[in-house]
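# Notes for the structure review
Here are the chains, one letter per residue:
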There are 2 protein chains.
Amino acid sequence: MSALRVTARPLIRRVVRYGRQDFRACKSTLPKSVAEYLSWKPTEPTAGVHVDGYVRSVRAQKRQHFVSLGDGTTIDSLQAVVPADQAEGLTTGAAVRLHGSWVPSRGQGQSHELQVQSADILGASDAKTFPLQKKYQSPEYLRTMPHMRPRLPYNSTLFRFRSEVIASLTRFFEGRQFIQTHTPILTASDCEGAGEVFNVANIGEKPQSNSEKNKSFFRRPVYTTVSGQLHLEALAQGLGNVWTLSPTFRAEQSDTPRHLSEFYMLEAEMSFTNDMASVMGLIEDMLRHIASELIGSRTVKELSTRTAEGLSDLAPVDQVERRWQGLMKAAWPRITYTDAIDILNASDEQFEIPPVWGQDLRTEHERYLAVHIGQGETPVFVTNYPRTIKAFYMKASEGDLGTPGHGETVECFDLLVPDFCEIAGGSMREHRLDNLMDSMKLHGMDTASEQVIANDGKERRMQNNLDWYIDLRRWGCPPHGGFGLGFDRLICYLSGVQTIRDTTAFPRWYGRCDC
Amino acid sequence: MSALRVTARPLIRRVVRYGRQDFRACKSTLPKSVAEYLSWKPTEPTAGVHVDGYVRSVRAQKRQHFVSLGDGTTIDSLQAVVPADQAEGLTTGAAVRLHGSWVPSRGQGQSHELQVQSADILGASDAKTFPLQKKYQSPEYLRTMPHMRPRLPYNSTLFRFRSEVIASLTRFFEGRQFIQTHTPILTASDCEGAGEVFNVANIGEKPQSNSEKNKSFFRRPVYTTVSGQLHLEALAQGLGNVWTLSPTFRAEQSDTPRHLSEFYMLEAEMSFTNDMASVMGLIEDMLRHIASELIGSRTVKELSTRTAEGLSDLAPVDQVERRWQGLMKAAWPRITYTDAIDILNASDEQFEIPPVWGQDLRTEHERYLAVHIGQGETPVFVTNYPRTIKAFYMKASEGDLGTPGHGETVECFDLLVPDFCEIAGGSMREHRLDNLMDSMKLHGMDTASEQVIANDGKERRMQNNLDWYIDLRRWGCPPHGGFGLGFDRLICYLSGVQTIRDTTAFPRWYGRCDC
């Protein structure tokens, strides 16, 4: 401490040198963002204000230039009137700070405008090469420059909406006392079989073969996760009801508007429940919560104003409105897969592939069900699919469902929505050890567990990469169930955007990982 | 529609078959969780209740068994008194539903207890092999079974705390109108140089060499991200102030309590600011918000009760309390790196490696500064490091800082906390195109951009994997800055847990990726 005493005086001078500006203390009472300015409507002009933003467009007249300014806080632009001699550098794209007065507007289209005294060019822009244009640019073209795309007013509004949905979800689950968890991204559990997973290696390493295992970074083959569900079940055993919103990965070579190689999955798991109705009730309540909370928001209004313009990139505005109304309705229909097959076969629709019990529903079948059972509005649960076409961890159906497939079906559901088909899926999990082992064998999976001691003699290693999952059934596994929902698909559905590639800032799919 | 009419009658019967149990409607007014029961203290016995949970321990007497029940909602146990003839299957670990009466307790240690009439064994447990024991088990040993570890009362409490911090963060940023974003996990931008990144390949593929690029899944080398910052800067340009809590990866072969191969980074980026004080103010306010909001919570109290037991796995309880108090204090000291070097040299501390201007601070230096400048309580900002030891994207210092290193330093900061050293770092970003290019050259990076047309003749591909980042400076880049904070380290710091490996459910580090 003696050294500190020696340096105490200069130290104090130095410590305060960098200032201690409190973020709250420096908050002005004046609006800061473009959104705040546009909703501020004083009857008298207010001098001495400034606005930060990007020049969206400029209309030059002899004595003054009309500048549209945006900053990502709203889809709308703020109009600034700039004297011609102050307009140098105010080119499309430029990042600027405009100083002036906020005054009731004489022009049409806005209640107020900024009369500019001076402009600071914070970041210049070469308008000739600026890649974002006022004229229509296709989503495909914009996707070639994901780093610039968020600067388009519609795109930034869409990403703001995504943020608001996350916050709404967080509130919903917190209110229900569900614990938010982080399931792992790198995993040794290749739960859905090889071929559609990404292999991970320390750079320069070769992918791991069995004989090379101990040389690799993790001493075993490791993949990017395809689902957090198995890990979420372990967490549900410890914590009760849990949820996660986490990146997941599929190395599918599909090139469709509904698939990404990297996407966010919203997954929830309920513990101590034997009742799939409560899992379906949870997802229903969750989506109703989001829709009810956000439908009146400025962001959603801004999105629907653009949707109303009728661009082919977006679903028709009345269709999108119907989606929101449908989510807010209570008691979504629930039918069994077996009944669904009957309904499909009894319909006079000509399906390309006729529905057959024991085979998965095709998109054309799902669409028919969503439109006719949900009456084109509410989502529809289809439950109790044949176990041969569903995952090994799903619990066998019980009780007197009275369907032809009874005993051969599992306690699961798909949630179908109009125009978009499957958006979520869930099930009760097989919590009984023997039944799980039987199901794994039925699905052709290896259940032999081989415990080994590692080189250092210390660690217990599990050779079968699902041993730990089987373990969860050995020492007190209550009945439990949960669901997974494609978060990017949900954003598509709620916004009317036609492809999942535009709901996330940096989409990755087969052949595409720009930036 | 005609087909629908034909099947209408049976359809309706079928649609309702699965019930439409509303999750809210079925919510009982009785407590559900163990935590709720323990805080429910009626003066009269209440019959006809039931509690779900796991048997933590059993003490068998001749006529009755005393069962400690837990369910992950609290670190505490509920005491259940079970008649001996109803106690079959109530073994350690078992998942059970106990039916009975909630009555004021005659015993000590709890105000109420459950007098059990009957027990349902929902998931049996073989107590002989149950791997979690009441006696002390070391964190190292418990880490060999991450799938079971959340069932320990302390671990589930810790993960509950992690969830509460996430929710608190979400509220903080929403209140400040920061947009929550999802930065990508897979990226072609190897922003910190090769060697410490994980390479990603479709399974069965060889790692990509340049000549093999077009054969690979993404047609270019792809890595798991080391930081979301560069992408966050693109989003900040579009959206204004942004944040993300996202997995990041390092393939470092370090085996320390402060490093993981997969960890969560909390990153925020502020747009239109030239003032690093506002970035430091943001992180200060954020941590103060979390500490103030959570310090009184039941979860934090439960954690500190365990900390007070003085186990070596946890930091001393008074130290942890000092951390919380320090975070809630205003105006954390801010000193420059240059002053820090002076202070270290003027001290009479014998450092293993003497501090030298131009070299990075070592842990022993950081610890001295945290203890002496922050007085062992508040965090300390050390700012303006030499640019040669910091990242290429940091903005050169300006103004009359008057330090010997002026002109050779960058606008950056590290946030040091007592006992833990660096917990966060941030900087202003070089937003000027020419200066950024100069800095990249100075750091030995390739700035040559080579645009090519892909095989199909349609796409513009960027060969230099940071071209897009340079691009952000071409068309209106405002001054901006931000920070990154190791989220798992924060959980360590706040909880008193001594290693980052125990703050996340499924930790991954060199050689370890279990489950």
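Residues numbered from 1 in each chain as written. Chains lettered and ligands numbered in written order. Predicted model: local features only at pLDDT ≥ 70, side-chain atom pairs only at ≥ 80, totals over all residues. Heavy atoms only, no water.

The name given to chain A in an unreviewed UniProt entry is asparagine--tRNA ligase, and the organism recorded there is Truncatella angustata. Check the Sequence similarities (unreviewed entry) section of the UniProt entry for chain A; it says "Belongs to the class-II aminoacyl-tRNA synthetase family." (UniProt positions renumbered as here; feature names shortened; annotations may be inferred.)

## Topic: the packing of helix 5 (residues 153–175) of chain B against helix 14 (residues 487–495) of chain B
Residues and elements named next belong to chain B. Put simply, helix 5 and helix 14 touch, their axes get as near as 11 Å, and they point 115° apart. Helix 5 and helix 14 meet at a crossing whose hand is right-handed. Here Y154, L158, F161, R162, V165, I166 and L169 of helix 5 come into contact with helix 14, specifically with F487, D488, L490, I491, L494 and S495. For the contact of helix 5 with helix 14, the class distribution of residues is 10 nonpolar, 1 polar and 2 charged. (Axes fitted to C-alpha atoms, helices over the stretch in contact; angles between N-to-C directions. Helix = DSSP H or I, 4+ residues; strand = E, 2+ residues; numbered from the N terminus. Left-handed = near helix turned anticlockwise from the far one by under 90°. Contact = heavy atoms within 4.5 Å. Nonpolar A, V, L, I, M, F, W, Y, C, P; charged D, E, K, R; others polar.)

## Structural notes on the interface of chain B and chain A
Taken together, the contacts link 156 residues of chain B with 156 residues of chain A. Regarding the contact of chain B and chain A, the summed buried area is about 12700 Å², with carbon and sulfur atoms giving 60% of it. On the surface where chain B and chain A come into contact, there are 4 salt bridges. Among the ionic pairs, B:R171 bridges to A:E174, the shortest N-O distance being 2.8 Å. Our enumeration of links across chain B and chain A arrives at 38 residue pairs in polar contact (both at pLDDT 80 or more). With 10 residues, the single largest contributor to the side of chain B that touches chain A is helix 5 of chain B. Across the side of chain B that touches chain A, the residue classes tally to 76 nonpolar, 42 polar and 38 charged. (Buried area = accessible area lost by both parts, 1.4 Å probe. Salt bridge = Lys/Arg side-chain N within 4 Å of Asp/Glu carboxyl O. Polar contact = N/O pair within 3.5 Å; in protein donor to acceptor, adjacent residues only side chain to side chain.)

## Here's the deal with the packing of aromatic side chains
Residue and element names in this part refer to chain B. Counting across every chain of the model gives 42 aromatic pairs over all chains. Ring geometry for F217 versus F218: centroids 4.8 Å apart, planes at 80°, classification edge-to-face. For the pair F217 and F218, a shared accessibility class is recorded, and that class is buried. Ring geometry for F351 and Y368: centres 5.7 Å apart, planes at 85°, overall edge-to-face. With F351 in the loop between helix 10 (337–346) and helix 11 (363–373) and Y368 in helix 11, the pair connects residues that are 17 residues apart, well separated along the chain. Overall, Y368 belongs to the buried group, its relative accessible area being 6%. (Phe/Tyr/Trp six-rings, centres within 6.5 Å; stacked < 30°, edge-to-face > 60°. Buried < 20%, exposed > 50% of the residue type's maximum accessible area, 1.4 Å probe, protein only.)

## Let's talk about the pattern of salt bridges
Per the counting criterion, the structure on display carries 50 salt bridges over all chains. Residues A:D285 and A:R176 are paired through a salt bridge, measuring 2.9 Å at the closest nitrogen-oxygen approach. Residue A:D285 is located in helix 6 (residues 276–294), and its partner A:R176 is located in the loop between helix 4 (153–175) and strand 6 (179–180); the two are separated by 109 residues in the primary sequence. For B:D52, the salt bridge identified is with B:R97, shortest N-O distance 2.7 Å. Here B:D52, found in strand 1 (residues 46–60), pairs with B:R97, found in strand 4 (residues 95–104); they are 45 residues apart in sequence, far enough to count as distant.

## Examining the sheet that holds strand 12 (residues 334–336) of chain A
All names here are of chain A. With respect to topology, 8 strands assemble into an open sheet ordered 6-10-11-18-15-14-13-12, the strand pairing being mixed. Bordering the open sheet on either side are strand 6 and strand 12, each of which pairs with just one other strand. Where strand 11 (residues 262–271) lies against strand 18 (residues 480–486), 7 bridges are found, and the strand directions are antiparallel. The residue of strand 18 that forms the bridge with M270 is G481. Contacting strand 6, strand 10 (242–249), strand 11 and strand 18, helix 5 (residues 229–239) crosses the sheet at an angle of about 35° to strand 11. Along the sheet, helix 13 (residues 487–495) makes contact with strand 10, strand 11, strand 14 (412–417), strand 15 (421–428) and strand 18, crossing strand 18 at roughly 55°. (Pairing = 2+ DSSP bridges.)

## Quick notes on helix 6 of chain A
Residues and elements named next belong to chain A. Helix length check: helix 6 (19 residues) gives 27 Å between terminal C-alpha atoms against 27 Å at 1.5 Å per residue, within 8%. With 16 of its 19 residues buried, helix 6 lies for the most part within the structure. Backbone nitrogen of A277 and a side-chain oxygen of the N-cap are separated by 3.0 Å at the start of helix 6; the cap is D275. (Expected span 1.5 Å × (residues − 1).)

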